[in-house]
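Letter by letter, the chains look like this.
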Amino acid sequence: MEEKQFERGTSLSIFAADRREDLGALIAAILIAIGVMFFVGK
Amino acid sequence: MIYTKKSPALLIIGILMLVWGFLNSSGNVDGMQSWLQQSAYSDHMKVKEKFDAEFRVAKEMAASEGKPAPVMKMAASRFDHAKAEQAKLTYIVGGIFAVLGLLILVWTPKLGDFDYYLSIVPGMAFIVGIAFVVRWGLDPIFGNWGKAAIPLLGWDFAHIFNLNYVVLGIVIGIITVNVFSIPGWAANGVRTARFFLKTGVILLGVLYSAAELAQLGALSVVMIGIFVLGSVGMVLYMGRRMDAGNSMTGILSAGVGVCGVSAAVAAAPVVQAKAVEIAYTIGTILVWGVGCMFVFPTIGHLLGMGPVQFGAWAGTGILNSAQVAGAALAFDPTGIETLKVAEIFNITRVLFLPIIVVWLAAWYVKHEVGAEKVDLKQVLIAKFPVFVLGFIGMFALSSMGAFSPADHYQGKYFSATEIKEDKLLKPKETVLLEAELAKMKTPAETAALKDLIANRKVTSRVHDGALLSAGKVAGLDPLAKAVIDKAHNAAWHNSKTIGAFRNWIAWLFAIGLTGLGMQITAKALKQAGGKPLIIGGIVGTVKALGSLIVVLLFVREFV
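Fair warning: this is a prediction, and the values are worked out from it, not measured in the lab.

*Asks:* Tell me about the interface of chain B and chain A, and name the residues and values.
*Replies:* Each partner contributes residues to the interface: chain B has 24 residues there, and chain A has 25 residues. Every element with two or more residues in the side of chain B that touches chain A is listed here: α5 (113-148), α10 (193-204), α21 (386-399) and α26 (496-517) of chain B. Counting residues per element, the side of chain B that touches chain A draws most heavily on α10(B), at six residues. For the side of chain B that touches chain A, the class distribution of residues is 13 nonpolar, seven polar and four charged.

Spelled out as structure tokens, the structure:
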């Protein structure tokens with residue numbers, strides 16, 4: 001995949017910046033954690 | 001630029017998933033599933049046999065009393081749960097993909113965010129679909145083949161070569177891109193791979209707990225600390241000297257220093273490693289690890305090492321967890337002492353992962369931006385990967401007992417209060433143990449056995465440790481040993497919460513690594529060259545020899 005193939009994001013990410021990808025992953029992980037805590041008992 | 005490509009691919013993937021869900025819930029693929037999930041199916045047959053027997057008795061009793069046959073339902077087995085999970089996942093995910101696939105076919109895309117994010121879904125579906133095939137198909141197939149080959153080879157090749165969903169996901173990704181190439185409709189969404197991987201790494205923090213470190217022996221912590229930090233530092237130094245590139249050096253240091261493949265995967269997004277660098281690191285670790293697995297036991301026997309010494313050496317010197325267990329079993333196939341010691345050392349180094357992740361994040365930021373010349377604090381604030389903080393946050397929450405008891409390790413924990421009534425020892429079993437009291441070798445073993453007899457369960461982790469050695473006392477009645485094992489198993493529990501997290505982590509890694517594998521072309525592999533193999537080989541040799549010398553000098557009969 002070449003860089004120029006995508007006008008948005010990079011060849012390795014759909015996000016324009018690493019920080020944005022990190023925050024996206026952090027939000028996804030928190031949502032999963034809340035879901036697990038809510039739906040699964042200890 | 002309009003990103004969404006009108007293609008029926010997403011709809012087809014969605015429908016295929018729905019069909020798989022239906023086949024599982026209707027029982028039409030039970031034959032195939034029983035072969036793929038042999039262990040779960042074997043449990044299922046046991047549950048079924050027990051149920052059939054109970055049902056027959058209940059029916060006969062009802063008949064003798066002139067009552068109609070009772071209505072009874074068999075309890076769901078592990079096999080039933082596994083099939084139900086496949087059906088549930090494919091119904092949910094396949095349903096979403098099918099609906100969005102229809103939308104792509106009927107909607108006329110317009111420039112904007114919706115077009116961009118919708119165009120990502122087919123690529124995501126492509127890697128998710130392959131990850132399903134890898135986890136539900138290839139992983140168990142190789143697992144079965146590995147076990148089937150044991151009589152011929154004497155060892156489980158699938159386990160030793162790590163042919164699980166992690167490695168298979170990357171390999172399938174590599175084959176896809178190099179043999180078939182990524183279809184145009186999927187190209188945009190395949191770039192979500194790193195996002196999945198980062199989410200998985202954040203959640204990985206829940207598997208570890210600082211409190212578990214306190215349970216480990218001081219010697220293993222000190223020894224592993226020196227060798228983990230030493231080998232990470234050595235790779236970082238050599239990588240810089242040999243100009244191997246910061247990301248390649250960073251990921252290799254985690255793989256060589258901590259616990260092999262899983263550490264490399266966890267460190268990859270921290271040092272922004274390219275897919276090809278991950279592949280090289282895993283290749284180096286596996287080649288080196290498998291070599292060690294064969295060489296270590298031979299050297300151990302030649303030097304006349306005892307189980308404690310060899311376990312300590314294997315747990316420190318061998319790079320990857322799978323091969324640590326393999327080497328320990330190869331050295332001492334019947335006893336459990338070597339394996340136990342090796343695993344203590346192995347667990348200790350795995351617990352160093354959070355420290356290494358933070359170290360590498362700071363190291364990478366510093367070297368990548370040439371931070372020697374600028375304010376390091378400012379650079380760290382601007383560039384430090386935020387998801388690492390998420391990993392540390394999860395680790396902290398896990399250590400505080402937010403998800404499971406604070407002293408758990410990967411969801412397994414000791415609790416004497418949670419032992420169910422039917423798991424307590426029966427009176428005839430305690431009588432059996434009383435007859436063995438005189439055979440105990442140490443006061444600790446005697447005290448633990450007396451406590452077990454009095455309470456019909458293991459009441460503390462200290463007693464549990466003493467009972468482990470009591471179970472191996474020479475001349476012990478095999479039935480008594482089985483009773484001690486039963487008591488040990490009853491006191492150890494698996495956290496459902498951590499089990500659910502593990503499942504999520506496995507999926508996120510399987511999807512992420514399949515997508516990353518699709519970024520590894522033959523050309524990229526050639527460009528990366530052989531430096532990682534050289535660095536990994538040198539550091540691996542130094543680590544193996546260094547740990548051997550330390551073990552021979554300092555490790556005797558204590559851990």
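*Asks:* Can you explain the nonpolar core? Please cite residues and give values.
*Replies:* Residues and elements named next belong to chain B. Ala264, Ala267, Leu353 and Leu360 are the most contacted members of the largest nonpolar core, which has 156 residues in total. The element that contributes the greatest number of residues to this core is α5, accounting for 14 residues. When we break this core down by domain, the ones giving at least three residues each are domain 1 (9-144) and domain 2 (227-410 + 496-554). Setting aside anything within four residues of it in sequence, one finds leucine 353 in contact with Tyr208, Val258, Cys259, Ala263 and Ala266. Within the second largest apolar cluster, 14 residues are counted, among which are Leu449, Ala466, Ile484 and Ala487.

*Asks:* Describe the packing of α5(B) against α26(B), listing the residues and the values that go with them.
*Replies:* Residue and element names in this part refer to chain B. Where α5 contacts α26, the axes come no closer than 9 Å and their chain directions differ by 115 degrees. Crossing hand, α5 versus α26: right-handed. Here Ile127, Val128, Ile130, Ala131, Val134 and Arg135 of α5 lie close against α26, whose contacting residues are Trp507, Ala510, Ile511, Thr514 and Gly515. Here the contact of α5 with α26 is composed, by residue class, of eight nonpolar, two polar and one charged.

*Asks:* So, the domain arrangement of chain B: which residues are in play, and what are the values?
*Replies:* Where the parts come together, the accessible area they lose is often given as the size of the interface. Residues and elements named next belong to chain B. Its domain assignment divides chain B into domain 1 (9-144), domain 2 (227-410 + 496-554) and domain 3 (412-494). Using only C-alpha atoms to locate each centre, domain 2 and domain 3 end up separated by 36 Å. Between domain 2 and domain 3, the residue contacts involve seven residues of the former and four residues of the latter. Tallied by class, residues from the side of domain 2 that touches domain 3 come to two nonpolar, four polar and one charged.

Reading guide: rules and limits
Residues numbered from 1 in each chain as written. Chains lettered and ligands numbered in written order. Predicted model: local features only at pLDDT ≥ 70, side-chain atom pairs only at ≥ 80, totals over all residues. Contact = placed C-beta atoms within 7 Å. Helix = DSSP H or I, 4+ residues; strand = E, 2+ residues; numbered from the N terminus. Nonpolar A, V, L, I, M, F, W, Y, C, P; charged D, E, K, R; others polar. Core = buried A, V, L, I, M, F, W, Y, C linked by C-beta atoms within 7 Å. Buried ≥ 20, exposed ≤ 12 C-beta atoms within 10 Å, placed from the backbone. Domains from an automatic or database assignment. Axes fitted to C-alpha atoms, helices over the stretch in contact; angles between N-to-C directions. Left-handed = near helix turned anticlockwise from the far one by under 90°.

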